[in-house]
Amino acid sequence: MLKNKSFVKRTRKGNIVRTVKEHYLRDDIVCGYENCQHAVCSEQPKGPLSATPRDSVQWGAHYLVPDTNAFVNQIDIFERPVIDDVVVLSTVLDELRGLSMAVYNRVRAIIRDKDRRWFVFSNEHHRETFVDRLPNESPNDRNDRAIRAATKWLTAHLHDAGIKPVMVTNDEDNLRKARADEIAACRMDECLRVYSEHPELLDMMGSVNLSEADSWSGYPEHLTSVQIQAGLKASVLLQGTLQIAPYNYLEGSIYTKFPDGKERRVLIVGRKDMNRSVQGDKIAVKLHPKSQWRKAPSAALVDEDEDAVPDISKTDSAAPVVPDTSSRSSSAEATGERAHKRARVSRQDGSAAATEDSQEPVNPSDVTDNDLADEGEPTGYVVGIVRRNWRSYCAFLDPNFASRGSRASSGPVTVSVLAMDRRIPKIKIRTRQLDVLAGQRFVVAIDSWPKESRYPQGHFVRALGDAGDKATETEVLLLEHDVPFQPFTKNVLSDLPLEGSSWLFDAERDQVSCGKRQDIRDLDICSIDPPGCTDIDDALHAFELPNGNYQVGVHIADVTNFVKPNTAMDKEAAHRSTTVYLVDRRIDMLPELLGTNLCSLMSNVDRLAFSCIWEMDQEANIVNVKFHKSVIHSKASLTYEQAQDRIDDPNMNDTITKGIRTLNMLAKKLRKRRTDAGALTLSSPEVRFRLENDSQDPVDVEMKALKETNALVEEFMLLANISVAGKIYEHFPDSAILR
């Protein structure tokens, strides 16, 4: 069945164009139920939806059919593995793509996981479930009606199987209309009560309702995006990314370009002036009167609980408040002592606050360097949020709540949690797990920050483990620094060679026979790396030529032979960017089969490489250079110390040792030439952790001794980069990037 949609639109040139879209409706779209006996479904491969989904007293065996708002607001919950047998409507996916690509991609990732049993039902292309938009009906209302129509059709379709689709929504109007149409529907909290063995799911709902103390007057209203853009265009407002002081979330600043073209710092101090902005938010700022700009302040130290810190804006809006973060230490958590924060209140003189109402804010166009010299550093206040930078935060329970002991009731309570990132304010969440969360690390997310609430409101995401536990604290470290550490997915692992660790070099397959790769396995190549290194990504060789010059080569593992562009592995490696080394383990950028085996230039095995080979004279001047793909056979995998011993031992005169001595001689000359030319040398001490054999716990720290061989490897890696950069620039002068 074919339906035509026509509409008119205005082009950039102002022309009116009529567009006609063809929309095909089909009768052969399956429902996704694995044992469906309807004619259309039985002729197709089995769907992923289970024949024995979760059962409940209210609905019996059922599938979940979430609407768009359910995904947008509760995606953290849907990512939990316990939420399975879910029907995702194409209407919902289309809406998600327009509303939030981040949420859309997360939903798509769950759908790809076959173990989760999620199914996309193409209701927009099904003859029985497609709905036309009615006159005067909003797109949102039409989509809600399409979701109800699809759920109603699925209900009838699955009736004989004894399975009921349940629409999940927090839209009261959509819920009321669904129930009026006799469609099984519920709010998200009602849905989660079925998962009684997982009480943490209800904690993830958030929805904190806070009643602030009478002394709290609330935050100023934010400007709309239209007002912000108008203010920026008129040079009345400034825009920048908020950077919070490392140990004081009540003092921040932005670096921004003023109308005169100069970049300056603007301080933002105190709750009112911060106006619900957090670290990393892109904000719009208005300048305070010059009388409130900060000069060199005197400081008074005041001890008080954070909740009792006075409203700074009513006393001195330029006064930074520096809380003592000792309450966030593990010792304070362990003892459960009441968390007191030390506030450093810097005051200039009392006149600033007294004159605040009588002075107009400063226009950024009027600020000059002389003003900064005379009046001090500019201060400002946030009038709007251009873009939020909220993320998930590792946190722990405020010791004020953790020390209250067990409760008689397991009902939800509102508590404060403290983020491990000290730049983030307290976050209020509702939880039924107060006793469980005490002494634990867990992840929370911010949902909103209403102007009536002193602190942002959020929800519990997941528990990490006990505070102080090595595995827990390691996971916190990785999460807070945004290091991807999850195991590689099946899609990524499917890109590995089918032979696995049995892979062997093949002249035909690996393009040696056709001349695209050179066979240099006869060269005396070796690698020099730290002790215990398994991912050997570079190797070297050197020998004297008949004309008295030297041939020197650097060989880099050819990862591109195994990681093809735009594959799942390529995208995952780009996302991870690098291998991350911890004290007791490493987080690989590539699966172990590649990183420590097939792409590691180990000795006594054939490995594929990219080679940069120079002819150099006695003074380390380059005579010529060539680049090519290669296959090598390393003769030795040495540590820095072993290579140094070969250089120093006069009794060792094998070809590998002679090559290392040649490399060392040339490296010294290259280094001296670079240093004489003004090269910057950055040298910092390196440490090595000594681990206990059984537990792999660190027991000692020792300094790494740097040898000549360290500089040898560094020098030739630099030279290879320089030579490759020059070659790229020679062929692509308009697009080359030089490192």
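All values derive from a computational prediction rather than experimental measurement.

(A) Local environment of the environment of Ile424. Within the secondary structure, Ile424 sits in the loop between β17 (413-419) and β18 (427-431). Separated by 147 residues in the primary sequence, Ile424 and Ser277 place their C-alpha atoms 9.7 Å from one another.

(B) Fine view of helix α21 (residues 655-676). Its 22 residues give α21 an end-to-end C-alpha distance of 32 Å, which sits within 8% of 32 Å, the value for a rise of 1.5 Å per residue. For α21, the full list of buried residues reads Ile656, Thr657, Gly659, Ile660, Thr662, Leu663, Asn664, Leu666, Ala667 and Leu670. The backbone nitrogen of Ile656 has a side-chain oxygen 3.1 Å away, supplied by the residue at the start of α21, namely Asp654. Just past α21, the residue Gly678 takes up positive phi, approximately 100 degrees.

(C) Examining helix α22 (residues 708-731) more closely. The terminal C-alpha atoms of α22 lie 35 Å apart, and with 24 residues this matches the ideal 34 Å at 1.5 Å per residue to within 8%. Within α22 the residues assigned to the buried category are Thr709, Asn710, Leu712, Val713, Glu715, Phe716, Met717, Leu719, Ala720, Ser723 and Ala725.

(D) View of the packing of aromatic side chains. Within the structure shown, the criterion is met by eight aromatic pairs. Seen in terms of ring centroids, Tyr219 and Trp449 are 5.8 Å apart; in terms of plane orientation they differ by 85 degrees. Their pairing is edge-to-face. Of this pair, Tyr219 sits in the loop between α8 (200-203) and α9 (225-233) while Trp449 is found in the loop between β19 (440-448) and β20 (457-466), placing the two residues 230 residues apart along the sequence. Measuring from centroid to centroid gives 5.3 Å for Trp503 and Phe562, while their planes differ by 70 degrees, and the two rings are edge-to-face. A residue pair is termed long-range when its members are at least 10 positions apart, and Trp503 in the loop between α17 (490-493) and β21 (517-519) and Phe562 in the loop between β24 (550-557) and α18 (568-576) qualify at 59 residues.

(E) Main features of unusual backbone geometry. Even without a glycine there, the phi angle at Asp85 is positive, about 50 degrees. Counting through the fold element by element, Asp85 comes out in the loop between α2 (68-78) and β4 (86-89). Its relative accessible area of 1% is what places Asp85 among the buried residues.

Cut-offs used in this document
- Residues numbered from 1 in each chain as written.
- Predicted model: local features only at pLDDT ≥ 70, side-chain atom pairs only at ≥ 80, totals over all residues.
- Heavy atoms only, no water.
- Helix = DSSP H or I, 4+ residues; strand = E, 2+ residues; numbered from the N terminus.
- Expected span 1.5 Å × (residues − 1).
- Buried < 20%, exposed > 50% of the residue type's maximum accessible area, 1.4 Å probe, protein only.
- Polar contact = N/O pair within 3.5 Å; in protein donor to acceptor, adjacent residues only side chain to side chain.
- Phe/Tyr/Trp six-rings, centres within 6.5 Å; stacked < 30°, edge-to-face > 60°.

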